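Next come the chains, spelled out residue by residue.
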Amino acid sequence: RTTDEPSVDAGSWVSADTTQLSVAPGAQTDVAFTVSVPADAAPGDHSAGLITSFRGGSDGGTIDVDRRLATRVSVRVSGDLAPAVEVQDASAAYVGSWNPFDPGTLVLTYRLANAGNTLLTATDGSSASGPFGAIRVTPGPMLLPEVIPGSTVDVRREIEIAPWGWLTGSVSVHPEAIGLGAQELAPVTVAYSTAAVPWTLLIVFALVAGVAVAVWLVVRRRSKTPAPAKV
């Protein structure tokens, strides 16, 4: 949040003992802060940032630069914990290679939403297959970033696979609640399908076929041309 935006949730619970600080180059100092949790705070994890801000402009004074660094503060309020994750807006698209003999790239995109009240992380285990589930490709797992409650992260997964005309598979996310009482949750899967037409290879075949037809027509025309009469 920018300076003029008010703090919300746990951000409004944190207060520092000082609002201004001077530190010499190479030195360090400790700053005490207080976290005051309201009595009606919802159970679960709450995240905030303790921000240091150094404002400085250029020599001409026309540009004001605000250098901000946040130190994370995580607060867990006791009560019922309900970790939950959702996969939203999943889509698949195939990007072919210019080389007709190289595999293309299946691009999976989706939004990972933390719908619970605890911090979450997850592992992507998505896969892809050709028609009727043949030639299955399962790349290694990809660790996803941590997601705070009520927040989302956008995920992009790329899988190399040949253009089999039609690809099917599933976006598979294996979530895990972290912190005290960490636990694995049930996987979340979303099926997808998309066309994967080998356009480059088809163009090569069309060119080869065109050349073959042209050669055949030339040969056929020459075979029908009568030989010159001899005197």
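Notes on the structure follow. None of the values given here were measured: they were computed from a predicted structure.

Each value, and the rule that gives it
- All residue numbers refer to position in the chain's written sequence, counted from 1.
- In view of the model being predicted, local features appear only for residues whose pLDDT reaches at least 70, and side-chain atom pairs are presented and counted only at 80 or more, with totals across whole chains, interfaces and linings using the full set of residues.
- Note that water and hydrogens are dropped before the side-chain values are worked out from all heavy atoms of the structure.
- Grid points spaced at 1 Å and placed over the protein atoms alone form the basis of the search, with a cavity being a set where a 1.4 Å probe fits but cannot get out and a pocket an open set showing protein on both sides within 12 Å along at least five of seven lines. Lining residues have an atom within 4 Å of a point.
- Grid points are joined across faces, edges and corners, and a volume is the space filled by probe spheres set on the points.
- Under the scheme used here, helices are H or I runs from DSSP no shorter than 4 residues and strands are E runs no shorter than 2 residues, and both carry numbers assigned from the N terminus.
- Only Asp, Glu, Lys and Arg are considered charged in this grouping, and only Ala, Val, Leu, Ile, Met, Phe, Trp, Tyr, Cys and Pro are considered nonpolar; every other residue, Gly among them, is considered polar.
- Only protein chains enter the area calculation, which uses a 1.4 Å probe; residues under 20% of their type maximum are buried, those over 50% are exposed, and those in between are partly exposed.
- Here a polar contact means two N or O atoms within 3.5 Å. Within protein one must be a hydrogen donor candidate and the other an acceptor candidate, and residues neighboring in sequence count only if both atoms are side-chain atoms.
- The contact rule is simple, with two residues in contact once any of their heavy atoms fall within 4.5 Å.
- Pairs of strands are assigned from DSSP output, requiring at least two bridges between the strands.
- The angle between two axes is taken between their N-to-C directions and runs from 0 to 180 degrees, where each axis is a line fitted to C-alpha atoms and a helix contributes only its stretch in contact.
- Whenever Lys or Arg places a side-chain nitrogen within 4 Å of a carboxyl oxygen from Asp or Glu, that contact is recorded as a salt bridge.
- For the purposes of this section, nonpolar cores are sets of buried Ala, Val, Leu, Ile, Met, Phe, Trp, Tyr and Cys residues that join through side-chain atoms within 4.5 Å.

Some words on the layout of surface pockets
Taken as a whole, the largest pocket spans an internal volume of roughly 1400 Å³. Taken together, 33 residues make up the lining of the largest pocket; nearest its centre are G49, L50, I51, T52 and S53. Residue assignment for the lining of the largest pocket shows that the elements contributing at least two residues are β1 (14–16), β3 (44–57) and β4 (64–77). Tallying contributions element by element places β3 first for the lining of the largest pocket, with nine residues. When its residues are assigned to classes, the lining of the largest pocket shows 15 nonpolar, 12 polar and six charged.

Brief notes about the side chain of T121
Among the structural elements, T121 can be located in strand β7 (residues 120–124). By relative accessible area, which is 18% here, T121 ends up buried. Reaching out from T121, the side chain makes a polar contact with the backbone oxygen of L144 at a distance of 3.2 Å. If near-sequence neighbours (up to four positions away) are discounted, T121 is found in contact with L143, L144, P145, H174, P175, E176 and I178.

Here's the deal with unusual backbone geometry
One non-glycine residue, D9, lies in the positive phi region at around 50 degrees. Mapped onto the fold, D9 is located in the segment before β1. Look at I135: it is not a glycine, yet its phi comes out positive at around 55 degrees. For I135, the location among the structural elements is in the loop between β8 (127–129) and β9 (142–147). Judged by relative accessible area, which is 47%, I135 ranks as partly exposed.

Some remarks on the sheet that holds strand β5 (residues 85–95)
Judged by pairing direction, the sheet is antiparallel, and its three strands sit side by side in the order β5-β6-β10 without closing on themselves. The open sheet is flanked by β5 and β10 (152–161), the only strands paired with a single partner. If you compare each strand with its neighbour and ignore which way they point, the axes differ by 20 degrees on average. Of the strand pairs in this sheet, strand β6 (residues 104–114) and β10 are connected by 10 bridges, and their pairing is antiparallel. Directly across from L108, in β10, lies its bridge partner R157.

Topic: the pattern of salt bridges
Using the criterion set out here, one finds seven salt bridges in the structure. Across the salt bridge formed by E158 and R156, the nearest N and O atoms sit 3.1 Å from each other. Judged by relative accessible area, which is 46%, E158 ranks as partly exposed.

Notes on the nonpolar core
V87, L106, Y110, L112, V171 and V173 are the most contacted members of the largest nonpolar core, which has 24 residues in total. Elements with a contribution of two residues or more to this core: β5, β6, β7, β9, β10, β11 (165–177) and β13 (188–196). Excluding residues that lie within four positions of it along the chain, V173 makes contacts with V87, Y110, L112, A122, T123, P187 and V188. Listed in part, the eight residues of the second largest apolar core include W13, V14, A41 and A48.

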